[in-house]
Number of protein chains: 2
Amino acid sequence: MKNEQNEVTLANRAFYDALQARDLDAMDLVWSHGPETTCVHPGWHRLDGWSGIRRAWQNIFDNSRPWRVSCEDVRVRLTGELAIVACVEVILPFGAREPSDSARLQATNVFAREDGVWRMVHHHASPVASLEEANSEETVH
Amino acid sequence: MKNEQNEVTLANRAFYDALQARDLDAMDLVWSHGPETTCVHPGWHRLDGWSGIRRAWQNIFDNSRPWRVSCEDVRVRLTGELAIVACVEVILPFGAREPSDSARLQATNVFAREDGVWRMVHHHASPVASLEEANSEETVH
């Protein structure tokens, strides 16, 4: 189990490495390519199926500037062939120096083991409001 | 498998019934009570462990007005003792009539089977930007 947790942690890190490198070929290796694969980018509606998800990554990489991406506060829950990773994504635009310039996103990543390899089958990322925003807004739920 | 999918779909519906009813006792039955249980409310940082998650629900229910809650576009992925539900939450404040008054949230819900019963072990909900907002904002990723 310990070994599988490590495998999932490495698969999760490979996703953030691909995101930082803005590398579509690396994303191809990270993700499951089935029609069941799903992805929720911050503020977007859900994308269903790898072909649409891949097009969205292509679009994001074409339109974004270099950034540093790291991942904090990682929790892995694993059973059999399915694993959930909850973590915080920290995205710092290249050249920015202040931690306040970074974006912090809550992420839920799901991996399924396919032929012995953990592939991402669902990604859900959403922004965390700053403390001031959180205090001034009414929460829906 | 079909039967298990139905069980998970019912467990997911029980969550939204509890949310609509703003019923903490019903939430007690829906959720797994372990320290590994996690929850991301829209814009919030992640809550880890049932006791803190329960306090947050209590706080939300104490400070919210009646609403109708429904769930659309449901996808279930299940293997062994773990199941992922991706869906869209539609929250309509009581008395509102226009669909435009409703909040639409992307949700990822994770259930684990404990002693034969599917319990929620992770919930992640986040707002979907309206089309106008989406077009006017730069996407982080």
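Each chain carries its own residue numbering, running from 1 in the written order of its sequence. Numbering of ligands from 1 and lettering of chains from A proceed in the order in which they are written. For this predicted model, a pLDDT threshold of at least 70 governs which residues receive local features, and a threshold of 80 or more governs which side-chain atom pairs are given and counted, while totals over whole chains, interfaces and linings are taken from all residues. Hydrogens and water are ignored here; the side-chain numbers use all heavy atoms of the structure.

Asks: Teacher, can you tell me more about the relation of the copies chain B and chain A here?
Replies: Both copies of the chain are placed relative to one another by a rotation about an axis and a shift along it. Between chain B and chain A, the superposition needs a rotation of 180 degrees and an axial shift of 0.0 Å, giving an RMSD of 0.0 Å. Taken together, the rotation angle and the small translation identify this as a two-fold axis. When the interface residues of chain B are mapped onto chain A, 100% of them again lie at the interface, so the same face is used by both copies. Least squares is used to superpose the copies, and the fit set is the C-alpha atoms of residues whose pLDDT is at least 70 in both copies. Should any heavy atoms of two residues lie within 4.5 Å, those residues are considered in contact.

Asks: Would you take a moment to explain the pairing of strand β6 (residues 117-127) of chain B for this structure?
Replies: Residues in a regular strand project their side chains so that they alternate between the two faces of the sheet. Residue and element names in this part refer to chain B. For β6, the buried fraction is high: eight of the eleven residues fall into the buried class. Both strand β5 (residues 103-114) and β6 contribute to a ladder of ten bridges, which runs antiparallel. What sits directly across from Thr-108, in β6, is His-124. What sits between the antiparallel neighbours β5 and β6 is a turn of two residues, in which Asp-115 has the positive phi angle 50 degrees. Using a 1.4 Å probe on the protein chains alone, a residue whose accessible area is under 20% of its type maximum counts as buried, one over 50% counts as exposed, and one in between counts as partly exposed. Only DSSP runs of H or I reaching four residues or more are called helices, and only runs of E reaching two or more are called strands; each is numbered from the N terminus. Here, a strand pair is defined by DSSP locating no fewer than two bridges between the strands.

Asks: Would you explain unusual backbone geometry in this entry?
Replies: Excluding glycine, residues mostly have negative phi values, and the peptide bonds linking residues are mostly trans. Residue and element names in this part refer to chain A. Positioned with a positive phi, Asp-73 is a non-glycine residue whose angle comes to about 55 degrees. With respect to the helices, strands and loops of the structure, Asp-73 is situated in strand β3 (residues 67-79). On the basis of relative accessible area, Asp-73 is assigned to the partly exposed category, the value being 48%.

Asks: What is the right way to read the interface of chain B and chain A from this model?
Replies: Where interface size is quoted, it is often the accessible area lost as the parts come together. Listed as interface residues are 48 residues of chain B and, on the opposing side, 48 residues of chain A. Here the buried area means the combined drop in accessible surface, using a 1.4 Å probe, for two parts upon being joined, counting both sides. The contact between chain B and chain A buries some 3,800 Å² in all, and 55% of this surface belongs to carbon and sulfur atoms. Each reported salt bridge corresponds to a side-chain nitrogen of Lys or Arg within 4 Å of a carboxyl oxygen of Asp or Glu. Linking chain B to chain A there are six salt bridges. A salt bridge links A:Arg75 to B:Asp48, with the shortest nitrogen-to-oxygen separation between them at 3.6 Å. By the criterion applied in these results, polar contacts are pairs of N or O atoms within 3.5 Å in which, for protein atoms, one can donate a hydrogen and the other can accept it, and in which residues neighboring in sequence qualify only through two side-chain atoms. Seen at the junction of chain B and chain A, the total is twelve residue pairs in polar contact (both at pLDDT 80 or more). Looking at the side of chain B that touches chain A, the elements that each hand over two or more residues are β1 (38-40), α3 (50-63), β3 (67-79), β4 (82-93), β5 and β6 of chain B. Amino acids outside the nonpolar list (Ala, Val, Leu, Ile, Met, Phe, Trp, Tyr, Cys, Pro) and the charged list (Asp, Glu, Lys, Arg) are all regarded as polar, and Gly is one of them. A class-by-class count of the residues in the side of chain B that touches chain A yields 24 nonpolar, 14 polar and ten charged.

Asks: Quick question: what am I supposed to make of the confidence of the model for chain A here?
Replies: Segments scoring low in pLDDT should not have their predicted coordinates read at a detailed level. Per-residue confidence from the prediction method is given by pLDDT, with values spanning 0 to 100. This prediction gives chain A a mean pLDDT of 91; 88% of its residues lie at or above 70. What the predictor reports for the complex is a pTM of 0.90 with an ipTM of 0.89.

Asks: Any chance you could explain the side chain of B:Asn109 here in plain terms?
Replies: Relative to the helices and strands, B:Asn109 is located in strand β5. B:Asn109 sits in the buried class, given a relative accessible area of 0%.

Asks: Could you clarify how one ought to interpret the pattern of salt bridges in this entry?
Replies: Think of it this way: side chains of opposite charge can pair up when their charged atoms draw near. Summed over all chains, the structure comprises 16 salt bridges over all chains. Where B:Asp28 meets B:Arg54, a salt bridge forms, and the shortest distance between an N and an O atom there is 2.8 Å. Taken together, the residues span a long stretch of sequence, with B:Asp28 in helix α2 (residues 24-30) and B:Arg54 in helix α3 at a distance of 26 residues. For B:Asp28, a relative accessible area of 18% corresponds to the buried category. Look at B:Arg54 and you get partly exposed, because its relative accessible area is 29%. For B:Arg46, the salt bridge identified is with B:Asp48, shortest N-O distance 2.7 Å. Through salt bridges that share partners, A:Glu36, A:Arg46, A:Asp48, B:Asp73 and B:Arg75 make up one connected network.

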